[in-house]
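Here are the chains, one letter per residue:
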Amino acid sequence: MEQTESKTNSINAVTTADGEKISKKAKMTKVKGEPKKLFGYELPYVGLAMIAFSFFGFLAENIARMATKHIFDCRHQLLPFLFAYGIALFAMLLILGTPDEMRIFNKRIFAKKGLKYRVLSHITYFAIIFAFVFLGEIAVGEFYEACTGVILWDYSDIPLHVTKYTSVISGAAYGGGAYLIMAFGFKPMMKLIQKIGRKTAIILNCTLGVAIVIDFIIMVVTVFVTGAAPEYWSVQF
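1. What about the confidence of the model for the chain?
Logical step 1: Summing up the model confidence of the chain, the mean pLDDT is 85 and the portion of residues at 70 or higher is 86%.
Logical step 2: The least confident element of the chain, judged by mean pLDDT, is strand β1 (residues 13-15) at 46; the most confident is helix α7 (residues 198-226) at 95.
Logical step 3: Predicted confidence is poor over residues 1-22, with pLDDT under 50, and the contacts of this stretch with residues over four places away or in other chains come to 17 contacts.
Logical step 4: Counting interchain partners and residues more than four positions distant, the pLDDT-below-50 stretch residues 24-30 has six contacts.

The structure is reproduced here in structure tokens:
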């Protein structure tokens, strides 16, 4: 009888890394209580990074417009955030990770260490991001035009353009910007973001984050209903 009980306890117990035995039920409870993460970062902090990227996208597009058309505008949003850039960050983390630890859906591409493989990882990462931006601009632009007749942007006056929705220059600029941030700015940015309390991060996601998503939805609905992108304000220099 005692042997049977001992075997049962042994089956229902697991040994931790430090040699401590805990019940499987306790281990399952511990695992269930752990916060969900993406590429090692808790989701509330990933949400804040998406908000930051949305703001960076707003600035990047207006810097480009200032340089080419001398215009600084709302980019069809009420708030100075472009949610598409936040989505892009989430997709990059989910699918690719970072240039130093590039992976395809959590599977390492360059598992070997060394300068050669690190350089290859960075080159491959940039190439994928460039292709994503280049083809994504065409897909989004053509989709909106086919469904609503609205031309959200036009690169026809930019050299090396392919259709009016993308060009080698814009693809390299936006793709290069995203690569540089992910290669050299993302980890320092996340270290800074993670200094924010978890509850504060959740509150920011539930307030500012939700407001950004609603603003994006309003823009999309407005385009489909009225056939024109909203223009709230614009400053020409």
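There's more to say after this.
2. A closer look at a nonpolar patch on the surface
Logical step 1: Together, M66, L78, V210, I214, I218, Y232, W233, V235 and F237 make up an exposed nonpolar region whose accessible area comes to about 810 Å².
Logical step 2: The element that contributes the greatest number of residues to the nonpolar patch is α7, accounting for three residues.
Logical step 3: Mapping W233 onto the fold places it in the loop between α7 and β10 (234-236).

3. A few points about the packing of aromatic side chains
Logical step 1: A full pass over the atoms with the stated rule returns 14 aromatic pairs.
Logical step 2: Here Y179 and F184 contribute two aromatic rings whose centre-to-centre distance is 6.4 Å and whose plane-to-plane angle is 80°, an arrangement assigned as edge-to-face.
Logical step 3: Judged by relative accessible area, Y179 falls into the buried class, the value being 15%.

4. So, the packing of helix α3 (residues 43-69) against α7
Logical step 1: Interaxial distance between α3 and α7 falls to 9 Å at its minimum, and their mutual angle equals 40°. Considering their axes alone, α3 and α7 lie oblique with respect to each other. Seen along the crossing, α3 lies across α7 with a hand that is left-handed. For the pair α3 and α7, the contacting residues are P44, Y45, G47, L48 and I51 in the first and R198, A201, I202, L204, N205, L208, G209 and I212 in the second.

5. Quick look at the layout of surface pockets
Logical step 1: The space that makes up the largest pocket amounts to roughly 1600 Å³.
Logical step 2: If you go around the largest pocket, you meet 48 residues; those closest to its centre are E61, Y85, E137, Y155 and Y174.
Logical step 3: Looking at the lining of the largest pocket, the elements with two or more residues in it are α3, α4 (83-95), α5 (115-148), α6 (168-193) and α7.
Logical step 4: The volume enclosed by the second largest pocket comes to roughly 180 Å³.
Logical step 5: As for the second largest pocket, its lining consists of 13 residues, and the residues nearest its centre are D100, R108, F110, K112 and K113.
Logical step 6: In terms of residues, the lining of the second largest pocket owes the most to one element, α5, which gives three residues.
Logical step 7: Of the residues belonging to the lining of the second largest pocket, the class tally is five nonpolar, two polar and six charged.

6. Concerning α7
Logical step 1: For α7, which comprises 29 residues, the first-to-last C-alpha distance of 40 Å matches the rise-based estimate of 42 Å (1.5 Å per residue) to within 8%.
Logical step 2: The largest bend in α7 is about 30°, located at N205.
Logical step 3: Residues A201, N205, G209, I212, D215, M219, V220 and V223 constitute the buried set of α7.
Logical step 4: Where α7 is buried, its residues meet α3, α4 and α5.
Logical step 5: Directly beyond the C-terminal end of α7, a positive phi value near 80° is found at G227.

Definitions and cut-offs
Residues numbered from 1 in each chain as written. Predicted model: local features only at pLDDT ≥ 70, side-chain atom pairs only at ≥ 80, totals over all residues. Heavy atoms only, no water. pLDDT = per-residue confidence, 0-100. Helix = DSSP H or I, 4+ residues; strand = E, 2+ residues; numbered from the N terminus. Contact = heavy atoms within 4.5 Å. Patch = residues over 30% accessible without salt bridge, like charges linked within 9 Å, V, L, I, M, F, W, Y side chains within 5 Å. Areas by Shrake-Rupley, 256 points an atom, 1.4 Å probe, with all protein chains shown as cover. Salt bridge = Lys/Arg side-chain N within 4 Å of Asp/Glu carboxyl O. Phe/Tyr/Trp six-rings, centres within 6.5 Å; stacked < 30°, edge-to-face > 60°. Buried < 20%, exposed > 50% of the residue type's maximum accessible area, 1.4 Å probe, protein only. Axes fitted to C-alpha atoms, helices over the stretch in contact; angles between N-to-C directions. Parallel < 35°, antiparallel > 145°, perpendicular 65-115°, else oblique. Left-handed = near helix turned anticlockwise from the far one by under 90°. 1 Å grid on protein atoms, 1.4 Å probe; cavity = no way out; pocket = protein on both sides within 12 Å on 5 of 7 lines; lining within 4 Å. Points joined across faces, edges and corners; volume = space filled by probe spheres on them. Nonpolar A, V, L, I, M, F, W, Y, C, P; charged D, E, K, R; others polar. Expected span 1.5 Å × (residues − 1). Bend = angle between axes of the 7 residues up to and from the residue.

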